[in-house]
Amino acid sequence: MDMTLASCREFVTVLASDAPAPGGGGAAALVGAIGTALGNMVGSLTVGKKKYAAVEAEIIALKAKCDDLQKQLLDQVEADEVNFLPLAKAYGIPKDDPNRDKVMEEATIIACSTPMHIMELCCEAIEAIAVFAEKGSRLAVSDAGCGAVCCKAALQAASLNVFINTKSLKNREVAEEMNAKASGMLDKYCAMADEIFASVRANF
């Protein structure tokens, strides 16, 4: 079942259950989509206003990008479930099975792929929100700040779903490569989100 088609209450109920998915990755994707949409809302409230005519073309283009980011992030809710289930099944392989390590390794790398992509999408969203916060309607600037906070949380949450899996990889070269990529995104874009929040907070 595509959990993005469920109600908010249903999603939260399943999230709180012992079901293997959605979990941290799916929740991160949803929060990232919500954060992106909050930034996008600022754009919606900016377009068509005479006061912001000079930046309207830029905002319209940015809104189109965020429409796509929102869709991609929502798509990751199901993708995370699909890519995690092979790992969940691999844990059930008997420890004396000679193929267990190989299957576990491959499944772990697959399980890392979705949260890593969620991180990448959140980074793009934070960059967009920075523009909305700077150039968008002052009446909705608080929503840009809210969007930045949500996307930062989603970025951090997704990273933990990468790190918990890379820890168990036998191929440490692959693990460290993924860890370095995730850490680089955290360092750059958490700081950017914090700057957006601080700039928005300074308005009040």
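As the structure is a computational prediction, the values presented were derived from the model and not from experiment.

Reading the values: rules and limits
- Per chain, residue numbering runs from 1 following the sequence as it is written.
- Only residues with pLDDT of 70 or above have their local features reported here, since the model is predicted, and side-chain atom pairs are shown and tallied only from 80 upward, although totals for entire chains, interfaces and linings are computed over all residues.
- As a convention, hydrogens and water are excluded, and side-chain values are obtained from all of the structure's heavy atoms.
- Only the stretch in contact is used when a helix axis is fitted, and all axes are lines through C-alpha atoms; the angle between N-to-C directions ranges over 0 to 180 degrees.
- Elements are defined by DSSP. Helices are runs of H or I of four residues or more, strands are runs of E of two residues or more, and each kind is numbered from the N terminus.
- Should an angle fall under 35 degrees it is called roughly parallel, over 145 degrees roughly antiparallel, and 65 to 115 degrees roughly perpendicular, with every other angle called oblique.
- With the far helix as reference, a near helix turned anticlockwise by less than a right angle produces a left-handed crossing, and one turned clockwise produces a right-handed crossing.
- Classes in brief: Ala, Val, Leu, Ile, Met, Phe, Trp, Tyr, Cys and Pro nonpolar; Asp, Glu, Lys and Arg charged; the others, Gly included, polar.
- The classification of residues rests on relative accessible area computed with a 1.4 Å probe and restricted to protein chains. Under 20% of the type maximum is buried, over 50% is exposed, and intermediate values are partly exposed.
- Any cysteine sulfur atom paired with another within 2.5 Å is treated as part of a disulfide.
- To define a nonpolar core, start from buried Ala, Val, Leu, Ile, Met, Phe, Trp, Tyr and Cys residues and group those joined through side-chain atoms within 4.5 Å.
- The criterion used for residue contact is that any of the two residues' heavy atoms lie within 4.5 Å.
- Residues scored as charged are limited to Lys and Arg (positive) and Asp and Glu (negative), so that His and the chain ends carry no count.
- What counts as a salt bridge is simple: a side-chain nitrogen of Lys or Arg found within 4 Å of a carboxyl oxygen of Asp or Glu.
- The term polar contact refers here to a pair of N or O atoms within 3.5 Å; inside protein, the definition further demands a hydrogen-donor-capable atom paired with an acceptor-capable atom, and it admits residues adjacent in sequence only when both atoms are side-chain atoms.

### Quick notes on the packing of helix H5 (residues 141–166) against helix H6 (residues 172–201)
Moving on, step 1. As a packed pair, H5 and H6 sit with axes 9 Å apart at the nearest point and diverge in direction by 165°. Relative to H6, the element H5 is oriented roughly antiparallel. At the point where H5 passes H6, the crossing takes the left-handed sense.
Moving on, step 2. Considering only residue class, the contact of H5 with H6 consists of 18 nonpolar, seven polar and three charged.

### Quick look at unusual backbone geometry
Moving on, step 1. Put simply, Ala21 and Pro22 share a cis peptide bond, and its omega is 0°.
Moving on, step 2. For Pro22, the location among the structural elements is in the loop between helix H1 (8–15) and helix H2 (24–44).

### A look at the environment of Glu106
Moving on, step 1. Residue position: Glu106 is located in helix H4 (residues 100–135).
Moving on, step 2. Residue class for Glu106 comes out partly exposed when judged on its relative accessible area of 43%.
Moving on, step 3. Sequence separation between Glu106 and Ala90 is 16 residues, and the spatial gap between their C-alpha atoms is 9.7 Å.

### Examining the state of the cysteines
Moving on, step 1. Enumeration over the complete set of coordinates arrives at zero disulfides.
Moving on, step 2. Residue Cys123 stays outside any disulfide, its sulfur separated by 7.1 Å from that of Cys122, the closest cysteine.
Moving on, step 3. Cysteine Cys190 shares no disulfide, and the gap to the nearest cysteine sulfur, in Cys123, comes to 8.3 Å.

### Here we look at the nonpolar core
Moving on, step 1. Of all hydrophobic cores here, the largest spans 49 residues; its most connected members are Ile118, Met119, Ile126, Leu155 and Ile196.
Moving on, step 2. Those elements giving two or more residues to this core turn out to be H2, helix H3 (56–90), H4, H5 and H6.
Moving on, step 3. Counting residues per element, this core draws most heavily on H4, at 14 residues.
Moving on, step 4. If we skip the residues at most four places from it in the chain, Met119 touches Leu155, Ala158, Ser159, Val162, Ala182, Met185 and Leu186.
Moving on, step 5. In terms of nonpolar packing, the next biggest core, distinct from the first, is built from six residues, Leu87, Ala90, Ile93 and Met104 among them.

### A look at the packing of H2 against H5
Moving on, step 1. In contact at an axis separation of 7 Å, H2 and H5 are set at 160° when each is read in the N-to-C sense. Judged on the interaxial angle alone, H5 and H2 are roughly antiparallel. Note that H2 runs across H5; the crossing there is left-handed. On the side of H2, the interface is formed by Gly24, Gly25, Ala28, Val31, Gly32, Gly35, Thr36, Leu38, Gly39, Met41 and Val42, while H5 contributes Asp143, Ala144, Cys146, Gly147, Cys150, Cys151, Ala154, Ala157, Ala158 and Asn161.
Moving on, step 2. Its residues placed into classes, the contact of H2 with H5 shows 12 nonpolar, eight polar and one charged.

### Overview of the side chain of Glu105
Moving on, step 1. Examined against the element boundaries, Glu105 turns out to sit in helix H4.
Moving on, step 2. In this structure, Glu105 is buried with no salt-bridge partner, the nearest side chain bearing the opposite charge being Lys170 at 6.6 Å.
Moving on, step 3. Among the polar contacts made by the side chain of Glu105, one reaches the main-chain amide nitrogen of Lys170 at a distance of 2.9 Å.
Moving on, step 4. Contact partners of Glu105, with chain neighbours within four places excluded, come to Leu169, Lys170 and Asn171.

### Thoughts on the pattern of salt bridges
Moving on, step 1. Inspection of the entire model under this criterion finds seven salt bridges.
Moving on, step 2. For Asp75, the salt bridge goes to Lys71, with nearest N and O atoms at 3.0 Å. Of the two residues, Asp75 and Lys71 both sit in helix H3, four residues apart, roughly one turn of that helix.
Moving on, step 3. Across the salt bridge formed by Glu176 and Arg172, the nearest N and O atoms sit 3.2 Å from each other. With a gap of four residues between them, Glu176 and Arg172 both fall in helix H6, about one helical turn apart.
Moving on, step 4. Take Glu176: its relative accessible area is 42%, and that puts it in the partly exposed class.

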